[in-house]
Amino acid sequence: MGPQGVGKGTQAARLAEVFGIVAISTGDIFRANIKGSTELGTTAKEYIDKGELVPDEITNAMVRDRLGDEDVKAGFLLDGYPRNAAQVAELDTALAGFGWELDGVIELTADREVLMERLTKRAQDEGREDDTPEGIARRLDIYDKETAPLTAAYAERGLLAKVDGVGEISEVTDRIVASLATQLG
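This structure is a prediction, so every number in the text was calculated from the model and none was measured.

**Some points on the overall build of the protein chain**
Within the protein chain, the secondary structure is distributed over 8 helices and 4 strands. Going from the N terminus to the C terminus, the protein chain shows its helices and strands as α-β-α-α-α-β-α-β-α-α-β-α. The globule rule puts the C-alpha radius of gyration for 185 residues at 16 Å, and the 16 Å found for the protein chain is close to it. Across its three principal axes, the protein chain shows a C-alpha extent of roughly 45 × 35 × 30 Å. Relative to its 185 residues, the protein chain shows a buried fraction of 39%. For the protein chain, the proportion of contacts with a sequence separation of at least 24, taken over those separated by at least 6, is 72%. Taken as a whole, the protein chain presents about 10,000 Å² of accessible surface, with 51% of it coming from carbon and sulfur. Measuring between centres, the 21 positive side-chain charges of the protein chain sit 2 Å from its 35 negative side-chain charges.

**Re the nonpolar core**
Of all hydrophobic cores here, the largest spans 22 residues; its most connected members are Ile24, Met62, Leu67, Leu91 and Tyr154. Of all the elements in the fold, those that place two or more residues in this core are β1 (22-25), α2 (26-35), α4 (56-67), α5 (85-98) and α7 (133-156). Those residues within four positions of Tyr154 in sequence are excluded, and the remaining contacts are Met1, Pro82, Val88, Leu91, Leu102, Val105, Leu159 and Leu160. With 14 residues, the next largest nonpolar core counts Val6, Ile106, Ile176 and Leu180 among its residues.

**A look at the pairing of strand β4 (residues 160-164)**
The side-chain alternation of β4 yields one buried face, formed by Ala161 and Val163, and one unburied face, formed by Leu160, Lys162 and Asp164. Across 5 bridges, strand β3 (residues 105-109) lies against β4 in parallel orientation. The residue bridging Leu108 from the neighbouring strand is Val163, located in β4.

**Details of the packing of aromatic side chains**
Tallied over the full model, the rule gives 2 aromatic pairs. Considering the side-chain rings of Phe76 and Trp100, the 5.5 Å spacing of their centres and the 50 degrees angle between planes classify their relative orientation as tilted. With Phe76 in strand β2 (residues 76-79) and Trp100 in the loop between α5 and β3, this residue pair connects regions lying 24 residues apart in the sequence. With relative accessibility at 26%, the residue Trp100 sits in the partly exposed group. Arranged with centres 4.6 Å apart and planes meeting at 15 degrees, the rings of Phe98 and Trp100 form a pair that is stacked.

**Some details on helix α1 (residues 8-19)**
Taking 1.5 Å per residue as the helical rise, α1 with its 12 residues ought to reach 16 Å, and the 16 Å between its terminal C-alpha atoms agrees with that figure. Taken together, the buried positions of α1 are occupied by Lys8, Gln11, Ala12, Leu15 and Ala16. With its buried residues spanning 140 degrees around the axis, α1 presents them on a single face. Of the surrounding secondary structure, the elements contacted by the buried residues of α1 are β1, β2, β3 and α8 (169-184). Directly after α1, the chain includes Gly20, whose backbone phi takes a positive value near 65 degrees.

**Observations regarding the pattern of salt bridges**
For the coordinates displayed, the defined rule picks out 11 salt bridges. Asp49 serves as the salt-bridge partner of Lys45, at 2.6 Å between the closest nitrogen and oxygen. With Lys45 and Asp49 both in helix α3 (residues 39-49) and 4 residues apart, this pair spans about one turn of that helix. When its relative accessible area of 47% is taken as the criterion, Asp49 is described as partly exposed.

What counts and how
- Residues numbered from 1 in each chain as written.
- Predicted model: local features only at pLDDT ≥ 70, side-chain atom pairs only at ≥ 80, totals over all residues.
- Heavy atoms only, no water.
- Helix = DSSP H or I, 4+ residues; strand = E, 2+ residues; numbered from the N terminus.
- Rg over C-alpha atoms; globule rule 2.2 N^0.38 Å.
- Buried < 20%, exposed > 50% of the residue type's maximum accessible area, 1.4 Å probe, protein only.
- Contact = heavy atoms within 4.5 Å.
- Areas by Shrake-Rupley, 256 points an atom, 1.4 Å probe, with all protein chains shown as cover.
- Lys, Arg positive; Asp, Glu negative; His and termini not counted.
- Charge placed at Lys NZ, Arg CZ, Asp CG, Glu CD.
- Core = buried A, V, L, I, M, F, W, Y, C linked by side-chain atoms within 4.5 Å.
- Pairing = 2+ DSSP bridges.
- Phe/Tyr/Trp six-rings, centres within 6.5 Å; stacked < 30°, edge-to-face > 60°.
- Expected span 1.5 Å × (residues − 1).
- Arc of directions from axis to C-beta.
- Salt bridge = Lys/Arg side-chain N within 4 Å of Asp/Glu carboxyl O.

So far we have only geometry, and geometry alone does not tell us how the molecule works.
Rendered as C-alpha cells:
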C-alpha cells in the first residue's frame, strides 16, 4: 500500500522475484482488460481517461477474477489494492473464499512533494495522460482520505510493515525484506 508514485509497482516486481511469487497490480489488470476490450475494461477506461479512480465494483471484480488464476496459488503480492474500507472487506471475503488470509501488508511512505515530482516525471517519460498535475493532486487527496486510514486497521491486526519508500530502489527493497522478516518471523 502507499500513495501513487511511492514505488509500489517497482517494489512489487522486485519482491515477487525475491519471494518467488506473482505480483498482482490493479494497473496491470486494468490494462489487460482494456487491451482485451472486456466489458470491465471498457468501463474502467472511461474513468481512467478522466483521471479518476475506477469504482470499487469494477476493481473488485477484476481482482477476484485474477485471484482465481493458477499462478496465484503459490503465493502473491497485491500492488495498489485495497485502497479503501470497502475493498478491504471485499478482499477479506475473496481470500476467505479461497481459504487464504493475508500474511502481511507493506505501506510505502514518502512526502507529498517527492510524490508530485516522481509522478510529474513519470508523466513526461511515459506520456501518461492520467498524470496531469490536477489528476495527481486529486488522487493523492483521495489516498489521504480513503486509503491511508486503512493502515491503522491493518496495524491493529498486526499485519502492517511501514517502510520509507525514498532512496535507491535496492535500499528500499532491502528495508521491505528486513521489515517483513521481523514481522513474519
